Amino acid sequence: AIILDFWATWCGACVSAFPKNEEIVSKHSDGLAIIPVTYEPAAKVSKFISGLREKRGWPLAMPFVTDNTWLGKLFPHQSLPHYVWISADRKVVAITSSQQINEENVGKLLAGGPLDLEVKKESY
């Protein structure tokens, strides 16, 4: 299963979720990837992530997608963070905010059970 984590360097809520997300992935590394996705350029993100590793001691081993344009078009959003949950059988099963990223919900995703998550509301 994959959870796409749309974020930006200026989004404090996005950045503060990295350690929790990485902990969840480490517990479920055989069946889950959380992939941070940003429209920002690789050089800016690399410098930013290096700073977090040095100043906060965060390992941040997740693979980061930078310079993104097409995933944002597939999963349009106006606010961040924005999470797209994709099951192991490649179906989008939820689009949420950060509050739904937790052990219980990830367990349901990995078990293939139904997810009854609050859908993130966007106003266009």
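As shown above, the structure is provided for reference.
Residues numbered from 1 in each chain as written. Predicted model: local features only at pLDDT ≥ 70, side-chain atom pairs only at ≥ 80, totals over all residues. Heavy atoms only, no water.

## A few points about the overall build of the protein
Point 1. The secondary structure content of the protein amounts to 5 helices and 4 strands.
Point 2. Its C-alpha atoms put the protein at 40 × 35 × 20 Å along the principal axes.
Point 3. In the protein, which comprises 124 residues, the share counted as buried stands at 44%.
Point 4. Contacts in the protein between residues at least 24 apart in sequence constitute 68% of all its contacts with a sequence separation of at least 6.
Point 5. When the accessible area of the protein is evaluated, it comes to approximately 7000 Å², of which 56% is carbon and sulfur surface.
Point 6. Taken together, the 13 basic and 13 acidic charged side chains of the protein have centroids lying 5 Å from each other. (Helix = DSSP H or I, 4+ residues; strand = E, 2+ residues; numbered from the N terminus. Buried < 20%, exposed > 50% of the residue type's maximum accessible area, 1.4 Å probe, protein only. Contact = heavy atoms within 4.5 Å. Areas by Shrake-Rupley, 256 points an atom, 1.4 Å probe, with all protein chains shown as cover. Lys, Arg positive; Asp, Glu negative; His and termini not counted. Charge placed at Lys NZ, Arg CZ, Asp CG, Glu CD.)

## Section: the pairing of strand β4 (residues 92-96)
Point 1. By the bridge criterion, 4 bridges tie strand β3 (residues 82-86) to β4 in an arrangement that is antiparallel. Each bridged residue has a counterpart across the sheet, and for tryptophan 85 the counterpart in β4 is alanine 94. (Pairing = 2+ DSSP bridges.)

## A word on the pattern of salt bridges
Point 1. Scanning the model with the defined rule gives 5 salt bridges in all.
Point 2. The salt bridge involving aspartate 89 is made with lysine 91; its shortest N-O contact spans 3.9 Å.
Point 3. Connected through salt bridges with shared partners, the residues Glu23, Lys27 and Glu103 form a single ionic network. (Salt bridge = Lys/Arg side-chain N within 4 Å of Asp/Glu carboxyl O.)

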